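Report on the structure
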Amino acid sequence: MIRQLHQQLVEGKITAEALALEYLSRIEKNDKEIGAYLTLLEKEGILERARQVDTKIARGEEIDLLEGIPGAIKDNILVEGVRATAGSKILENYTAPHDATVVTRLKEAGAVFLGKTNMDEFAMGSSTENSAYQVTKNPRDITRVPGGSSGGSAAAVASGMAVWSLGSDTGGSIRQPAAFCGIVGLKPTYGRVSRSGLMAMASSLDQIGTFTESVEDAAILLSRIAGEDPMDNTAAPTLTNKSFEDELIGDIKGVRIGIPEEYMSDSIDPSIREALQAAKKNLESLGAVLVPVSLPHTKMALAVYYVLMPAEVSSNIARLDGIRFGVTHTDTDGQKSGDSLLDTYLKNREHGLGKEVKRRVMLGTYALSSGYYDAYYGKADRVRALIRQDFEEVFKTVDVLFTPTTPEVAFPVGEKTTDPLTMYLSDIYTVTANLAGVPALSLPIGDKDGLPIGGQFLSKWFDEEGLLRVAHALEQKQEEIKKAK
Ligand code: GLN
């Protein structure tokens with residue numbers, strides 16, 4: 001998609017300005033129904049950026065693949081001068097004072113930003129129903145959720161209201177909505193992409209990634225956002241000059257693909273099982289070798305995630321007191337502050353934060369409290385090391401892993417909002433990649449009565465090349481089959 005649009009721009013078949021206008025008009029027409037965007041960038045600014053690209057083309061200058069291509073940014077990633085709420089009421093009036101590193105890099109590449117997308121408050125959720133502002137609908141079936149927490153970013157791309165978008169993935173927030181909306185979602189290796197300017201949820205798990213229509217588009221974006229950053233000590237240098245999009249050679253003969261038995265529980269929707277079966281056959285027909293493998297500590301992953309993540313959340317959310325950032329609660333008598341500092345904190349947080357955020361802060365504070373720290377946080381951290389070891393072991397014998405992204409397809413709006421535990425179960429196949437830090441990608445591999453099904457590939461730390469190559473080969477094979485029908 002990006003390459004085709006780039007070609008049309010270079011050949012003068014379209015202009016970047018017309019492209020931006022087209023996407024803005026789609027947003028105007030469709031977003032009332034879908035609810036993907038929380039804030040649109042100022043129209044004249046968007047068109048001005050696009051016109052700069054047109055001027056460059058007119059002068060015969062070379063332009064980057066991403067130059068002039070319109071996309072969207074999840075609302076927990078900062079764009080200078082633009083409101084950033086992270087889906088929370090407490091940041092209703094917060095304007096980003098600087099760009100996130102990924103945004104700086106995309107600006108350097110010449111990308112055009114359309115707006116900021118809806119999300120579960122501070123990225124906590126699996127359905128985008130925890131946003132303080134609106135519920136985003138799944139473009140494939142508006143009675144269903146788009147997944148979460150990056151539901152707005154997923155819905156924007158899936159409904160043609162953005163060519164690409166950025167999201168964040170702490171426990172599946174890119175891959176699960178990508179699966180639910182029928183697009184490609186990439187969570188890079190922990191440390192591949194700088195987190196500077198991403199509002200922290202659980203710092204040892206958070207990673208910025210992409211939503212796109214194709215694997216090649218994901219590669220194009222990743223090449224432009226990856227790499228070291230003095231603002232984030234965990235961001236690693238990219239050691240090759242090659243672009244990820246140049247690695248998509250289509251040949252996966254002899255590639256060893258592990259199929260972990262633990263990801264095939266009886267509770268999986270039979271349609272997902274069937275789609276996976278078909279995908280495995282396609283991978284084999286491409287010359288890949290399927291190998292049954294085991295990651296024995298997988299069964300503990302969700303429990304480990306739901307101890308470690310809230311612990312980190314409780315420390316990260318502590319900065320949101322309604323004084324340094326965001327909204328200070330106003331009493332009915334118009335009084336801005338409480339009777340004491342503590343009272344002010346309590347009021348600001350009571351009114352500014354939603355139920356799910358409060359639940360996690362309480363769980364996390366409990367897990368970290370004196371006398372319980374070792375029994376909960378310490379133990380979970382030790383099991384996390386075992387989960388990581390499972391991956392180290394399995395990657396001695398296989399190159400990538402292939403699993404379902406989710407145990408079920410997109411569920412109806414409202415179905416799980418009263419039962420947090422069943423909501424948490426949505427993340428069962430995605431949290432392991434964050435706990436281990438490995439890269440993972442969700443690719444559409446079929447559907448159940450029109451509702452998309454995602455297949456998940458995982459690869460070794462910093463082997464996004466291998467990950468993208470296998471996903472791309474399967475995607476091309478599926479396209480071929482579709483065309484032949
Ligand atoms: N759904 C998961 C959660 O609620 C994942 C969130 C995320 O990746 N940001 O924690």
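Structural data are supplied above this passage.
Conventions adopted
- Residues numbered from 1 in each chain as written.
- Predicted model: local features only at pLDDT ≥ 70, side-chain atom pairs only at ≥ 80, totals over all residues.
- Heavy atoms only, no water.
- Helix = DSSP H or I, 4+ residues; strand = E, 2+ residues; numbered from the N terminus.
- Rg over C-alpha atoms; globule rule 2.2 N^0.38 Å.
- Buried < 20%, exposed > 50% of the residue type's maximum accessible area, 1.4 Å probe, protein only.
- Pairing = 2+ DSSP bridges.
- Polar contact = N/O pair within 3.5 Å; in protein donor to acceptor, adjacent residues only side chain to side chain.
- Contact = heavy atoms within 4.5 Å.
- Expected span 1.5 Å × (residues − 1).
- 1 Å grid on protein atoms, 1.4 Å probe; cavity = no way out; pocket = protein on both sides within 12 Å on 5 of 7 lines; lining within 4 Å.
- Points joined across faces, edges and corners; volume = space filled by probe spheres on them.
- Patch = residues over 30% accessible without salt bridge, like charges linked within 9 Å, V, L, I, M, F, W, Y side chains within 5 Å.
- Areas by Shrake-Rupley, 256 points an atom, 1.4 Å probe, with all protein chains shown as cover.
- Salt bridge = Lys/Arg side-chain N within 4 Å of Asp/Glu carboxyl O.
- Near = heavy atom within 4 Å.
- Phe/Tyr/Trp six-rings, centres within 6.5 Å; stacked < 30°, edge-to-face > 60°.
- Lys NZ or Arg CZ within 6 Å of the ring centre and 35° of its normal.
- Nonpolar A, V, L, I, M, F, W, Y, C, P; charged D, E, K, R; others polar.
- Axes fitted to C-alpha atoms, helices over the stretch in contact; angles between N-to-C directions.
- Parallel < 35°, antiparallel > 145°, perpendicular 65-115°, else oblique.

What follows is about the overall build of the protein chain. Helix and strand content of the protein chain: 15 helices and 11 strands. Relative to a compact globule of 485 residues, whose C-alpha radius of gyration would be 23 Å, the protein chain shows 22 Å and is just as compact. On the principal axes, the C-alpha backbone points of the protein chain span a range of 70 × 60 × 45 Å. Among the 485 residues that make up the protein chain, the fraction classed as buried is 58%.

Okay, the pairing of strand β4 (residues 164-169) next. The two faces of the sheet receive side chains in turn, since in a regular strand these alternate between them. Burial within β4 is extensive, with six of its six residues counted as buried. Alternating positions in β4 separate into two faces, W164, L166 and S168 on one and S165, G167 and D169 on the other, with burial throughout. Note that strand β2 (residues 70-74) and β4 share three bridges and pair parallel. In the strand pairing of β4, I73 is matched with L166. Two strands pair when backbone bridges link them, and β4 and strand β6 (residues 207-212) are joined in this way by five bridges, in the antiparallel orientation. Within the sheet, the bridge partner assigned to G167 lies in β6 and is G209.

Let us look at the side chain of S168. Checked against the element boundaries, S168 lands in strand β4. Judged by relative accessible area, S168 falls into the buried class, the value being 3%. Within the structure, the side chain of S168 is placed 2.8 Å from the side chain of K74, a separation counted as a polar contact. With sequence-adjacent residues up to four places away left out, S168 is seen in contact with K74, N76, A123, S150, S173, I174, L198, Q207 and I208.

Compared with the 30 Å implied by 1.5 Å per residue over 21 residues, the 29 Å span of helix α12 (residues 374-394) between its first and last C-alpha is a close match. If you check which residues of α12 are buried, you get Y377, G378, A380, V383, R384, I387, D390, F391 and V394. For α12, the elements touching its buried residues are β8 (289-293), α9 (301-317), α11 (355-368), β9 (400-404), α14 (431-436) and β11 (451-459).

Quick look at unusual backbone geometry now. At the junction of G148 and S149, the peptide bond is cis and its omega measures out at 10 degrees in the coordinates. Structurally, the position occupied by S149 is in the loop between β3 (112-117) and α5 (151-158). A positive phi angle, near 70 degrees, is found at A123, a position not held by glycine. By the secondary structure assignment, A123 is in the loop between β3 and α5. At T128, a position not held by glycine, the phi torsion is positive, near 65 degrees. Along the chain, T128 turns up in the loop between β3 and α5. Exposure remark for T128: the relative accessible area of 0% places this residue in the buried category.

All right, on to the layout of surface pockets then. The space that makes up the largest pocket amounts to roughly 650 Å³. Lining the largest pocket are 24 residues, with P444, I445, G446, Q478 and K482 positioned closest to its centre. For the lining of the largest pocket, the secondary structure elements donating two or more residues are α8 (270-285), β10 (440-448) and α15 (464-484). Among the elements that take part in the lining of the largest pocket, α15 stands out by supplying seven residues, more than any other.

The subject of this paragraph is a nonpolar patch on the surface. Side chains of Y366, Y372 and Y376 sit close together on the surface and give an oily, nonpolar patch of about 300 Å² of accessible area. Its location among the elements puts Y372 in the loop between α11 and α12.

Time to look at the site of the ligand. Not every one of the 16 residues close to the ligand is listed here, only the nearest: T170, G171, S173, Y305 and R360. In this structure, T170 approaches the ligand through a main-chain N or O atom, which is 2.7 Å from an oxygen atom. G171 places a polar main-chain atom, nitrogen or oxygen, 2.7 Å from an oxygen atom of the ligand. Against a free-state accessible area of 290 Å², the protein chains account for coverage of 100% of the ligand.

What follows covers the packing of aromatic side chains. Counted by the stated rule, this structure contains 12 aromatic pairs. Aromatic side chains F402 and F457 sit 4.5 Å apart centroid to centroid with 25 degrees between the ring planes, which places their arrangement in the stacked category. Residue F402 is found in strand β9, and its partner F457 is found in strand β11; the two are separated by 55 residues along the sequence. With relative accessibility at 1%, the residue F402 sits in the buried group. The residue whose ring lies beneath R349 is Y345, and the NZ or CZ to ring-centre distance is 5.3 Å. Here the guanidinium or amino end of K416 rests over the ring plane of F411, the centre of that ring lying 4.7 Å away.

To continue, consider empty space enclosed by the protein. According to the stated counting rule, one finds one cavity of 30 Å³ or more in the structure shown. Here the largest cavity defines a volume of roughly 70 Å³. Taken together, 13 residues make up the lining of the largest cavity; nearest its centre are A123, G125, S173, Y305 and D427. Among the residues making up the lining of the largest cavity, the classes are represented as five nonpolar, six polar and two charged.

A few words now on the packing of helix α4 (residues 101-109) against helix α7 (residues 215-225). At a minimum axis separation of 8 Å, α4 and α7 run at an interaxial angle of 110 degrees. By the angle between their directions, the pair α4 and α7 is classed as roughly perpendicular. Two secondary-structure elements touch here, α4 through V102, R105, L106 and A109 and α7 through L221, R224 and I225. In the contact of α4 with α7, the residues fall into five nonpolar, no polar and two charged.

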